[in-house]
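Breakdown of the fold
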Amino acid sequence: MNTFNYRQSFTLESGVTLPSLEIAYHTYGTLNSARDNCIWVCHALTANSDVADWWPHTVEKGLFLDPDKYFIVCANIIGSCYGSTGPLSVNPADGNPWYDEFPRVTVRDVVRAHHLLAEHLGIKKVFSIIGASVGGFQALEWAALNPESIGSIVLIATEAEASPWAVAIDETQRMAIFSDSTYGEKRPDAAAAGLAAARAIGLLTYRGPLGYNTTQRNLPGHDVIRKDLHRAQTYQRYQGEKLVRRFDAYSYVTILNMFDTHNIGRDRGGLDNALASLNMPALVVGITTDIIFTCEDMRRLASKLPNASYKEIDSPFGHDGFLVEHELLNSIIIDFFNSLPTT
């Protein structure tokens, strides 16, 4: 992991000014002499900058994130807890971590911060920016903020604004966290039980009924009458505990709040106007069982982009299909890259 230290003030959309920024990032491959072979990967909710770790079988020779061909960059979003400035960072005003006093950030703030990193890395133009879920929010915002810096855009299971349905999912998770009486205590493990419950709630929407019914049925001999928990129960508890070991409630709330600010039409004359201005080649990918960003949503998004093609992945794994169906994604994205005009 690398860290970019920006030693100047950074003013957020909220009007709050951070005195400095740290941005954690990973790179793979080599930037070419023309400085135009970069693929920028925008990560989802609780991921980190090591895309080769959380998106398996993508950063490999011959795949769509081929380090022999491209210079791949993934940066941790501000507000997270994986090396970029966030709630566990020290507030220079008092020398203590921010915790629940960390200011609200928006998707636009995240992208503006990553622009600073791109400039630091000497990237002239991004060949393609790729984002799934919250990563797609960032990719769209980047394209709207600085369209001339983007050669193409790949949007997977995402949208141009946070829908009421998605905001309701986030609010339910926040309610779980806030119901933990330790939320607000000045320690990194505050609201651990609330965070575990929030994660379990989120997973229901990430996988959906078909995903659960495919993978979490009780095995033969499973005795739920006398002592055994259902397999689905142990899965929910395990996943909640797993997130608690690697994340914190303050960062989670910060990112949920950031999610809810997403609207590329804000201050751009509305969604349709903003999308119509994005003329770069675009690939939009929907997942048949995604109940957060449905295929209907994805087809509508593609129809509003002037130069978009739409592809669909048939998967039982819901929204999380973008993490699981790497073989199908590789085929779709490589075909898209091969269709792009050469310069």
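The following refers to the structure shown. Here the structure is a predicted model, which is why all the values come from computation and not from measurement. All residue numbers here refer to positions counted from 1 along the written sequence of the relevant chain. Restriction of local features to residues with pLDDT of at least 70 applies here, the model being predicted, together with a cutoff of 80 or more for giving and counting side-chain atom pairs; totals for whole chains, interfaces and linings are based on all residues. Side-chain figures throughout are based on the complete set of non-hydrogen atoms in the structure, without hydrogens or water.

1. Side note on the overall build of the protein chain
Each helix corresponds to a stretch of at least 4 residues labelled H or I by DSSP, and each strand to a stretch of at least 2 residues labelled E; elements are numbered beginning at the N terminus. Secondary structure assignment for the protein chain yields 11 helices and 12 strands. Throughout, a contact is declared for two residues whenever any of their heavy atoms are within 4.5 Å. The contacts of the protein chain with a sequence gap of at least 6 include a subset with a gap of at least 24, amounting to 72%. All accessible areas in this document rest on Shrake-Rupley with a 1.4 Å probe, and a residue is counted as covered only by the protein chains that are shown. Working note: accessible area of the protein chain is about 14,700 Å², and carbon and sulfur atoms make up 52% of it. For the protein chain, the distance from the average position of its 28 positive side-chain charges to the average position of its 38 negative side-chain charges is 2 Å. By the counting scheme adopted, Arg and Lys are positive, Glu and Asp are negative, and His together with the chain ends is not counted. Positions of charges follow a simple convention, taking NZ of Lys, CZ of Arg, CG of Asp or CD of Glu.

2. Focus on the environment of R266
Tracing the sequence through the fold places R266 in the loop between α7 (249-260) and α8 (271-276). C-alpha separation for the pair R266 and E161, spaced 105 residues apart in sequence, amounts to 9.4 Å. For the purposes of these results, a polar contact is taken to be a pair of N or O atoms within 3.5 Å, where, inside protein, one atom must be able to donate a hydrogen and its partner to accept one; residues adjacent in sequence count only when each atom of the pair is a side-chain atom. In terms of polar contacts, R266 uses its side chain to reach the backbone carbonyl oxygen of T261, at 2.8 Å.

3. A few points about unusual backbone geometry
Even without glycine at this site, H57 takes up a positive phi of about 60°. Not every positive phi belongs to a glycine, and A191 is a case in point at roughly 60°. Mapped onto the secondary structure, A191 falls in the loop between α4 (164-178) and α5 (192-215).

4. Quick look at the sheet that holds strand β4 (residues 21-28)
Pairing between two strands is assigned when DSSP locates at least 2 bridges connecting them. Ordered by their spatial adjacency, eight strands build an open sheet running β1-β4-β6-β5-β9-β10-β11-β12, and the pairing between neighbours is mixed. Because the sheet does not close on itself, it has two edges, and the strands there are β1 (2-6) and β12 (308-313). Averaged over all pairs of adjacent strands, the angle between their axes in this sheet comes to 20°, without regard to strand direction. Bridge count for strand β5 (residues 38-42) against strand β9 (residues 126-132) is five bridges, and the pairing is parallel. Within β9, the residue paired with C38 across the bridge is V126. Where helices are involved, their axes are fitted lines through C-alpha atoms of the stretch in contact, as for all axes, and angles between N-to-C directions lie from 0 to 180°.

5. What about the packing of aromatic side chains?
When two rings of Phe, Tyr or Trp (its six-membered ring) have centres within 6.5 Å they constitute a pair, described as stacked for plane angles under 30 degrees, edge-to-face for angles over 60, and tilted for the intermediate range. One pass over the structure, following the stated rule, counts 19 aromatic pairs. Centre to centre, the rings of W40 and W142 are 4.9 Å apart; their planes meet at 55°, and the pair counts as tilted. Note that W40 is positioned in strand β5 and W142 in helix α3 (residues 134-145), a separation of 102 residues in sequence. The burial state of W40 is the same as that of W142; both residues are buried. Here F247 and Y252 contribute two aromatic rings whose centre-to-centre distance is 6.3 Å and whose plane-to-plane angle is 85°, an arrangement assigned as edge-to-face. Only protein chains enter the accessibility calculation, which uses a 1.4 Å probe; a residue whose area is less than 20% of its type maximum is buried, one above 50% is exposed, and one in between is partly exposed. Overall, the relative accessible area of 1% leaves Y252 in the buried class.

6. Brief notes about helix α6 (residues 231-246)
With 16 residues, α6 ought to run about 22 Å at 1.5 Å a step, and its terminal C-alpha atoms sit 23 Å apart, in line with that. All of the buried residues along α6 are Y235, Q236, Q239, G240 and L243. Summarising the axial view, the buried residues of α6 lie within an arc of 125°, below the 170-degree limit, and thus occupy one face. Those residues of α6 hidden inside the fold are in contact with α5 and α7. One fewer than the residue count of a helix, multiplied by 1.5 Å, yields its expected span. Directions pointing from the helix axis toward each C-beta atom define the arc.

7. Quick look at the pattern of salt bridges
Just to be clear on terms, a salt bridge is a Lys or Arg side-chain nitrogen sitting within 4 Å of an Asp or Glu carboxyl oxygen. A complete count under the given rule lists 18 salt bridges for this structure. D68 is the partner of K61 in a salt bridge, and the nearest nitrogen-oxygen pair spans 3.3 Å. We note a salt bridge from E159 to R300, for which the minimum N-O separation is 3.7 Å. Residue E159 is located in the loop between β10 (153-156) and α4, and its partner R300 is located in helix α9 (residues 295-304); the two are separated by 141 residues in the primary sequence. For R300, a relative accessible area of 34% gives the class partly exposed. If you follow the salt bridges from partner to partner, you end up with E13, R108, E141, R266, D267 and R268 in one network.

8. Some thoughts on the packing of α5 against α6
In contact at an axis separation of 8 Å, α5 and α6 are set at 135° when each is read in the N-to-C sense. Between α5 and α6, the interaxial angle falls into the category oblique. The two elements α5 and α6 meet at a crossing, and its hand is right-handed. Here α5 contributes A192, L195, A196, R199, A200, L203, L204, R207, Y212 and T215 to the contact with α6, which in turn contributes R231, Y235, Q236, Q239, G240, E241, L243, V244 and R246. Amino acids are sorted into nonpolar (Ala, Val, Leu, Ile, Met, Phe, Trp, Tyr, Cys and Pro), charged (Asp, Glu, Lys and Arg) and polar (every other residue, Gly among them). Across the contact of α5 with α6, the residue classes break down as 10 nonpolar, four polar and five charged. Our angle categories are set so that under 35 degrees counts as roughly parallel, over 145 as roughly antiparallel, 65 to 115 as roughly perpendicular, and the remainder as oblique. Each crossing gets its handedness from the near helix: less than a right angle anticlockwise from the far helix is left-handed, clockwise is right-handed.

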